[in-house]
Amino acid sequence: NAGVTQTPKFQVLKTGQSMTLQCAQDMNHNSMYWYRQDPGMGLRLIYYSASEGTTDKGEVPNGYNVSRLNKREFSLRLESAAPSQTSVYFCASRGLLDAQYFGPGTRLTVL
Amino acid sequence: EDQVTQSPEALRLQEGESSSLNCSYTVSGLRGLFWYRQDPGKGPEFLFTLYSAGEEKEKERLKATLTKKESFLHITAPKPEDSATYLCAVHPSGGGADGLTFGKGTHLIIQP
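Let me begin by describing the structure that accompanies this report.

Residue and element names in this part refer to chain B. Residues Ser71, Leu73 and Ile75 point to one face of strand β8 (residues 70–75) and are all buried, whereas Glu70, Phe72 and His74, pointing to the other face, are not buried. Note that strand β3 (residues 19–26) and β8 share six bridges and pair antiparallel. Along β8, the bridge assignment pairs Ser24 with Glu70. Of the strand pairs in this sheet, strand β7 (residues 62–66) and β8 are connected by five bridges, and their pairing is antiparallel. Residue pairing for β8: Lys63 is matched across the bridge by His74. Between β7 and β8, which pair antiparallel and follow one another directly, the connecting turn spans three residues.

Dropping the structure here:
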């Protein structure tokens, strides 16, 4: 099992550009999540999906959109990137013991 | 508002020197409390889930405990490979977004 995979690992964008962060899990989990991690702050929830076809906002959803393509895949889109979106983005899925299992992250810089 | 506060922010220990990390939380209702380990440049790695006050979980040199207000991660006779940032998170049981609320973490360094 690969667990949770994320692409790309690194990305540099200019202000106003768009991009999609991809996430996939092979653990047959229903719930999936997107978080961002900034220096000096805890991980913060951006969006989540309780099941295929449903998505909901988390703590910091502004500037982002998500798509739950199927049970395996949950993507995060930045339509018009801003420097404030420079961060490390983690995808997670929820399994046994209610634990969330995280991917390796995407390091995004917006210039 | 759900809150998680971890202390200390950073801790430097000698190899073999036992200590404890603290996680204080405020939540309307607790569905679970989680401990993660995060190495530089990696995603958080799940360690433990605790559900109710009095519960304890152990794994190698780590033991996690839970009270109604806080959790401790005890590290016994640590080794250099235990160096990492340890994250605490809560999953509230009340209404609202179905995600974890994280603390800022404790950066642990174990010196040989």
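On to the interface of chain B and chain A. In this complex, chain B contributes 21 residues to the contact, which on the side of chain A involves 22 residues. When chain B packs against chain A, the two sides together hide about 1700 Å² of surface, and 55% of this comes from carbon and sulfur. Inspection of the region where chain B meets chain A yields two salt bridges. For Asp98(B), the salt bridge goes to Arg94(A), with nearest N and O atoms at 3.1 Å.

What counts, and at which threshold
- Residues numbered from 1 in each chain as written.
- Chains lettered and ligands numbered in written order.
- Predicted model: local features only at pLDDT ≥ 70, side-chain atom pairs only at ≥ 80, totals over all residues.
- Heavy atoms only, no water.
- Buried < 20%, exposed > 50% of the residue type's maximum accessible area, 1.4 Å probe, protein only.
- Helix = DSSP H or I, 4+ residues; strand = E, 2+ residues; numbered from the N terminus.
- Pairing = 2+ DSSP bridges.
- Contact = heavy atoms within 4.5 Å.
- Buried area = accessible area lost by both parts, 1.4 Å probe.
- Salt bridge = Lys/Arg side-chain N within 4 Å of Asp/Glu carboxyl O.

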